[in-house]
Amino acid sequence: MVIPLSGCLGSPSFGNEDCSQLVEDGIALSFDDKGSIESWNGSIEFFEEHGVIATFYVDRWQYLSEEEIVILHRLQDGGHEIGIHT
């Protein structure tokens, strides 16, 4: 998913000029589904080289392998957000 961003975040009324946190123009990147975790690992170097920060949504948490958990920790340590895909 790609979402263009501009204006404000962090306010109950998104886009309100009085918001508490301004955002630079850009895009929000998110990736989802447990089946893609290994390919996310292959992208870490690209993200680091280009200063990309993304959100990764994981489903079926109870089935994560130890290797997948290591990859998710590596992503999180790189500043990425890990969320629950519902």
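The structure under discussion appears in the preceding block.
Remember, predicted model here, so these are calculated numbers, not experimental data. (Residues numbered from 1 in each chain as written. Predicted model: local features only at pLDDT ≥ 70, side-chain atom pairs only at ≥ 80, totals over all residues. Heavy atoms only, no water.)

Novice: Sorry if this is basic, but what is going on with the overall build of the protein chain here?
Specialist: From N to C terminus, the protein chain includes two helices and four strands. In the protein chain, the succession of helices and strands from N to C terminus is β-β-α-β-α-β. Looking at the protein chain residue by residue over its 86 residues, the buried ones come to 24%. Pairs at least 24 apart in sequence give 55% of the contacts found in the protein chain among residues at least 6 apart. (Helix = DSSP H or I, 4+ residues; strand = E, 2+ residues; numbered from the N terminus. Buried < 20%, exposed > 50% of the residue type's maximum accessible area, 1.4 Å probe, protein only. Contact = heavy atoms within 4.5 Å.)

Novice: How should the side chain of His-80 be read in this particular structure?
Specialist: Inspection of the secondary structure puts His-80 in the loop between helix H2 (66-77) and strand E4 (81-84). Residue classification places His-80 among the buried residues on the basis of a relative accessible area of 7%. Within polar-contact distance, the side chain of His-80 engages the backbone nitrogen of Ala-54 at 2.9 Å. (Polar contact = N/O pair within 3.5 Å; in protein donor to acceptor, adjacent residues only side chain to side chain.)

Novice: Looking at this structure, how should I read the pairing of E4?
Specialist: On a regular strand, one side chain projects to one face of the sheet and the next to the other, so that they alternate. Direction of pairing for strand E3 (residues 55-58) relative to E4: parallel, over a ladder of four bridges. Across the sheet, Val-58 pairs through a bridge with Ile-84, a residue of E4. Each parallel crossover has a hand, and for E3 linked through H2 to E4 it is right-handed. (Pairing = 2+ DSSP bridges. Right-handed = clockwise from strand over helix to strand, strands pointing away.)

Novice: Hey, could you run me through the nonpolar core in this one?
Specialist: For soluble globular proteins, nonpolar side chains are generally found buried alongside one another. Within the largest apolar cluster, 12 residues are counted, these being Ile-37, Trp-40, Ile-44, Phe-47, Val-52, Ala-54, Phe-56, Val-58, Leu-64, Ile-71, Leu-72 and Leu-75. Of all the elements in the fold, those that place two or more residues in this core are helix H1 (37-50), E3 and H2. Considering each element in turn, this core owes the most residues, four residues, to H1. Contact partners of Trp-40, with chain neighbours within four places excluded, come to Phe-31, Asp-32, Asp-33, Phe-56, Tyr-57, Val-58, Leu-72 and Leu-75. (Core = buried A, V, L, I, M, F, W, Y, C linked by side-chain atoms within 4.5 Å.)

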